[in-house]
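Take a look at the letters that make up each chain.
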Amino acid sequence: MTTNNTKYHRDYIVDIVHRIYDKSAPMLLTEGLLFAFIGVAMLVRPMGVLTAITYILGGALMFFGAYRTIAGFLASHDYGGGWLDVIFGLVNIMIGILFLMYPSGSIVGIMYIFILLFLSKAISALIFAINMIRVRFGHYVFNLIMAIILVGIATFLLFNPLAGAIAIIITLALMLLLYSVADLYMFIQVRKLKHHVVGE
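## Some details on the nonpolar core
Moving on, step 1. One finds Met42, Val49, Leu50, Ile107, Met111, Ile115, Ala154, Leu157, Ala165, Ile169, Ala173 and Leu176 forming the largest nonpolar core, which totals twelve residues.
Moving on, step 2. When residues of this core are traced back to their parent elements, those giving at least two are α2 (46-78), α4 (103-134), α5 (141-159) and α6 (161-197).
Moving on, step 3. With four residues, the top contributor of residues to this core is α6.
Moving on, step 4. In contact with Ile115, other than residues within four places in its own chain, are Ala154, Leu157 and Leu158.

## Quick look at the environment of Ala60
Moving on, step 1. Checked against the element boundaries, Ala60 lands in helix α2.
Moving on, step 2. Here Ala60 falls in the partly exposed class, since its relative accessible area comes to 42%.

## Quick word on the layout of surface pockets
Moving on, step 1. Its boundaries defined by the atoms lining it, the largest pocket holds a volume of some 180 Å³.
Moving on, step 2. Tallied by class, the residues present in the lining of the largest pocket amount to eleven nonpolar, one polar and no charged.

## Here's the deal with the packing of α4 against α5
Packed helices, taken two at a time, are described by the angle between their axes plus the distance between the axes.
Moving on, step 1. For the pair α4 and α5, interaxial distance at closest approach is 8 Å and the crossing angle is 160 degrees. Relative to α5, the element α4 is oriented roughly antiparallel. Taken as a pair, α4 and α5 cross one another with a handedness that is left-handed. In this structure, α4 uses Met111, Tyr112, Phe114, Ile115, Phe118, Leu119, Lys121, Ala122, Ala125, Leu126, Phe128 and Ala129 to contact α5, whose residues at the interface are Asn143, Leu144, Ala147, Leu150, Val151, Ile153, Ala154, Leu157 and Leu158.
Moving on, step 2. In terms of residue class, the contact of α4 with α5 is built from 19 nonpolar, one polar and one charged.

## Focus: the environment of Ala163
Moving on, step 1. As for its placement among the helices and strands, Ala163 is situated in helix α6.
Moving on, step 2. Each C-alpha atom, one on Ala163 and one on Met111, is 10.0 Å from the other, the two residues being 52 residues apart in sequence.

## With respect to helix α3 (residues 83-101)
Moving on, step 1. Between its first and last C-alpha atoms α3 spans 27 Å; for 19 residues at 1.5 Å apiece the expected length is 27 Å, and the two agree.
Moving on, step 2. Among the residues of α3, those classed as buried are Val86, Gly89, Asn92, Ile93, Gly96 and Phe99. Seen along its axis, α3 keeps its buried residues to an arc of 145 degrees; they face one direction. Opposite the buried face of α3, by more than 90 degrees, sit the exposed residues Leu84, Ile87, Met94 and Met101.

## Here's the deal with a nonpolar patch on the surface
Moving on, step 1. Together, Tyr55, Ile97, Leu98, Leu100, Met101 and Tyr102 give the surface a local cluster of nonpolar side chains, amounting to about 570 Å² of exposed area.
Moving on, step 2. At four residues, the largest contribution of residues to the nonpolar patch is made by α3.
Moving on, step 3. Relative to the helices and strands, Ile97 resides in helix α3.

## Notes on α4
Moving on, step 1. Compared with an ideal rise of 1.5 Å per residue, which puts 32 residues at 46 Å, α4 spans 47 Å between its outermost C-alpha atoms and is within 8% of the ideal.
Moving on, step 2. For α4, the complete set of buried residues consists of Pro103, Ser106, Ile107, Val108, Met111, Ile115, Ala122, Ala125, Ala129 and Met132.

## A closer look at the packing of α3 against α4
Moving on, step 1. At their nearest, the axes of α3 and α4 sit 5 Å apart, and the two run at 120 degrees to each other. As the angle between them shows, α3 and α4 are arranged oblique. Contacts from Leu98, Phe99, Leu100 and Met101 in α3 reach Pro103, Ser106 and Ile110 in α4.
Moving on, step 2. Among the residues making up the contact of α3 with α4, the classes are represented as six nonpolar, one polar and no charged.

## Here's the deal with the confidence of the model for the chain
Moving on, step 1. Averaged over every residue, the pLDDT of the chain is 81; the share at 70 or more is 84%.
Moving on, step 2. The weakest mean pLDDT in the chain belongs to helix α1 (residues 2-44) at 76; the strongest belongs to α3 at 87.

Conventions we followed
Residues numbered from 1 in each chain as written. Predicted model: local features only at pLDDT ≥ 70, side-chain atom pairs only at ≥ 80, totals over all residues. Heavy atoms only, no water. Core = buried A, V, L, I, M, F, W, Y, C linked by side-chain atoms within 4.5 Å. Buried < 20%, exposed > 50% of the residue type's maximum accessible area, 1.4 Å probe, protein only. Helix = DSSP H or I, 4+ residues; strand = E, 2+ residues; numbered from the N terminus. Contact = heavy atoms within 4.5 Å. 1 Å grid on protein atoms, 1.4 Å probe; cavity = no way out; pocket = protein on both sides within 12 Å on 5 of 7 lines; lining within 4 Å. Points joined across faces, edges and corners; volume = space filled by probe spheres on them. Nonpolar A, V, L, I, M, F, W, Y, C, P; charged D, E, K, R; others polar. Axes fitted to C-alpha atoms, helices over the stretch in contact; angles between N-to-C directions. Parallel < 35°, antiparallel > 145°, perpendicular 65-115°, else oblique. Left-handed = near helix turned anticlockwise from the far one by under 90°. Expected span 1.5 Å × (residues − 1). Arc of directions from axis to C-beta. Patch = residues over 30% accessible without salt bridge, like charges linked within 9 Å, V, L, I, M, F, W, Y side chains within 5 Å. Areas by Shrake-Rupley, 256 points an atom, 1.4 Å probe, with all protein chains shown as cover. Salt bridge = Lys/Arg side-chain N within 4 Å of Asp/Glu carboxyl O. pLDDT = per-residue confidence, 0-100.

Here's what the structure looks like:
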């Protein structure tokens, strides 16, 4: 009876390990290799990746703009109104064309948008910190530090927009490589577990 229970327990564990391996191993291996490939490509050719991103954004804006333009025109023809959609769609198409024709300039334009966002966030954090100082409430240090950091980032991007964009791509590439290493490590561990328990 004990032998049967032991065999049943081992078969149950083997079945669980098989399921874990079959479900997790292919995904971990595929993700790991894919992240590694993309990460290396982003490190080797950051400007090429940025240019590809602008082309993808440009194409997406043109497609979306064409859709909105046609939908707005049909709506205005059948029901009246819809001209705002037509105008919005045409603007998207024009921006998409600019992205395709001037990828480097488009990257700089996107960085300037980030600069405005960083500055607006820095101003709000600074105002909050000043108000906290006025009412003598101690929780202002974090917001003051964040305001200084955001102003520093915005200043760097203002004078080095392309370098800032490349730094973002390199940071993303390093994160992808870390994810790749983690996935491949987990794949190796799952494979070791299967070999240890199942013996395959």
